[in-house]
Amino acid sequence: MKQVLQAAAAAFLFASAQVQAQTEVRLAVHKSFSLPKDAFAAFERANDAKVSVIKAGSGNEMVNKLVLSRARPIADAVYGLDSTTVLKARESGILAPHQPASAAVNASLPHALAVDSGYITLNYDKSWFAEHKLPLPQTLDDLAKPQYKNLLAVPNPGMSSAGLGFLLANIQGLGEKQAFDWWAKMRANGVKITKDWSEAYYTEFTQNGGARPIVVSYASSPAAEVHYGKGKYSTPPTANLFLKGGVFRQVEGAAVLGGAQEPELAAKLVQYLQSPAVQKAIPGEMWVYPAVKNTPLPEVFKHAQAPQHADNPPEAAIAKNQRRWVNHWIRVVLK
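Residues numbered from 1 in each chain as written. Predicted model: local features only at pLDDT ≥ 70, side-chain atom pairs only at ≥ 80, totals over all residues. Heavy atoms only, no water.

> What should I look at first to understand the pattern of salt bridges in this one?
Proximity of charged atoms lets side chains of opposite charge pair with each other. According to the stated counting rule, one finds 6 salt bridges in the structure shown. Where Lys65 meets Glu61, a salt bridge forms, and the shortest distance between an N and an O atom there is 3.7 Å. Remark: Glu61 and Lys65 occur in helix 3 (residues 59–68); sequence separation between them is 4 residues, near one turn of the helix. What makes Lys65 partly exposed here is its relative accessible area of 36%. Two residues, Lys177 and Asp181, come together in a salt bridge whose shortest N-O distance is 2.8 Å. Highlighted residues: Lys177 and Asp181, both in helix 8 (residues 176–188), separated by 4 residues, approximately one helical turn. With relative accessibility at 59%, the residue Lys177 sits in the exposed group. (Salt bridge = Lys/Arg side-chain N within 4 Å of Asp/Glu carboxyl O. Helix = DSSP H or I, 4+ residues; strand = E, 2+ residues; numbered from the N terminus. Buried < 20%, exposed > 50% of the residue type's maximum accessible area, 1.4 Å probe, protein only.)

> Would you explain the packing of helix 8 against helix 13 (residues 315–333) in this entry?
Two packed helices can be described by the angle between their axes and the distance between those axes. Viewed as axis vectors pointing N to C, helix 8 and helix 13 meet at an angle of 30°, and their least axial separation amounts to 9 Å. By the criterion of interaxial angle, the relationship of helix 8 to helix 13 is roughly parallel. Crossing of helix 8 over helix 13 shows right-handed handedness. In this structure, helix 8 contributes Glu176, Phe180, Trp183, Ala184 and Arg187 to the contact, and helix 13 contributes Arg324, Trp325, His328, Trp329, Arg331, Val332 and Val333. Taken together, the residues that form the contact of helix 8 with helix 13 break down as 7 nonpolar, 1 polar and 4 charged. (Axes fitted to C-alpha atoms, helices over the stretch in contact; angles between N-to-C directions. Parallel < 35°, antiparallel > 145°, perpendicular 65-115°, else oblique. Left-handed = near helix turned anticlockwise from the far one by under 90°. Contact = heavy atoms within 4.5 Å. Nonpolar A, V, L, I, M, F, W, Y, C, P; charged D, E, K, R; others polar.)

> I'm lost on the packing of helix 7 (residues 161–174) against helix 8 in this one. Help?
Close contact between helix 7 and helix 8 brings their axes to 6 Å; oriented N to C, the two are set at 125°. Between helix 7 and helix 8, the interaxial angle falls into the category oblique. Along this stretch, helix 7 crosses helix 8, giving a crossing that reads as right-handed. On helix 8, the residues touching Phe166, Leu167, Asn170, Ile171 and Leu174 of helix 7 are Glu176, Gln178, Ala179, Phe180, Trp182 and Trp183.

> Even after reading the chapter, I still don't get the environment of Ala281, so can you show me in this structure?
Assignment of secondary structure puts Ala281 in helix 12 (residues 276–286). Assessed through its relative accessible area of 18%, Ala281 is described here as buried. For the pair Ala281 and Pro36, spaced 245 residues apart in the sequence, the C-alpha separation amounts to 7.5 Å. Apart from the residues within four sequence positions on either side, Ala281 is in contact with Leu35 and Pro36.

Encoded structure:
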């Protein structure tokens, strides 16, 4: 019995030592980050490490937190940089000067490894339009006409990445002056501004009991409606409006942070986000497209129609003008 107890004690001490020996690597993510609970298990086993995920708010809020804490970084790597934030992150000095090699991808992001991509666009409630016998708008200008008054909900671009992407598409597709002229007309035509995408989609959208049958959302949202309907729908109850000046391609990526406590592990972790296991899980968890080439999509993504064209300003133009554009939008729409 004594020998058995000694062996058990030794095994316990060995296991405890193994746990203590694990090195922590910290990953900052935005609040929409979602992967299966065991997503990092293979990485942790292979590297004798523990991945700590730090949710740091919306995409822009996350970058601001990383900038403010750059003297003592709160993470070793970051996921959730996109076309609207990556140059700000780079110019603020929070990214490591050298990033690890990327897998072959179908979407790219400067200074980071692309992890996923998606399309910000307009969704509409098919039943509402059928019941009201109202033709679908064919242009953004149509939405400013009297028959479409009080029909659109848009997240605030100063607070929401979806709202910001939509505004950037407006500016690129219509021209800056014309875009803000359109927004002035939309204010007069009853556009509803919400604090974030969740409020626009789950509170204001008629599909979810609201009063607005058109909402800024994602091209993959109709597929998500089928999935979460759990057999209720064979075809989506919602669809996309791919209007000129109303589609923005959002590419998200990951990067090693400057001043990382564990730079080597951070580099491996960033590359792991491009691994087949993670890439395959991304569509059904975050409802975006995996960035790595030849990653299979779940069957339900047949309902995630992709647009033929997106209106994205160059990243440099976004970095230079984003604050001015958002402030101009606030003056036109909210004040």
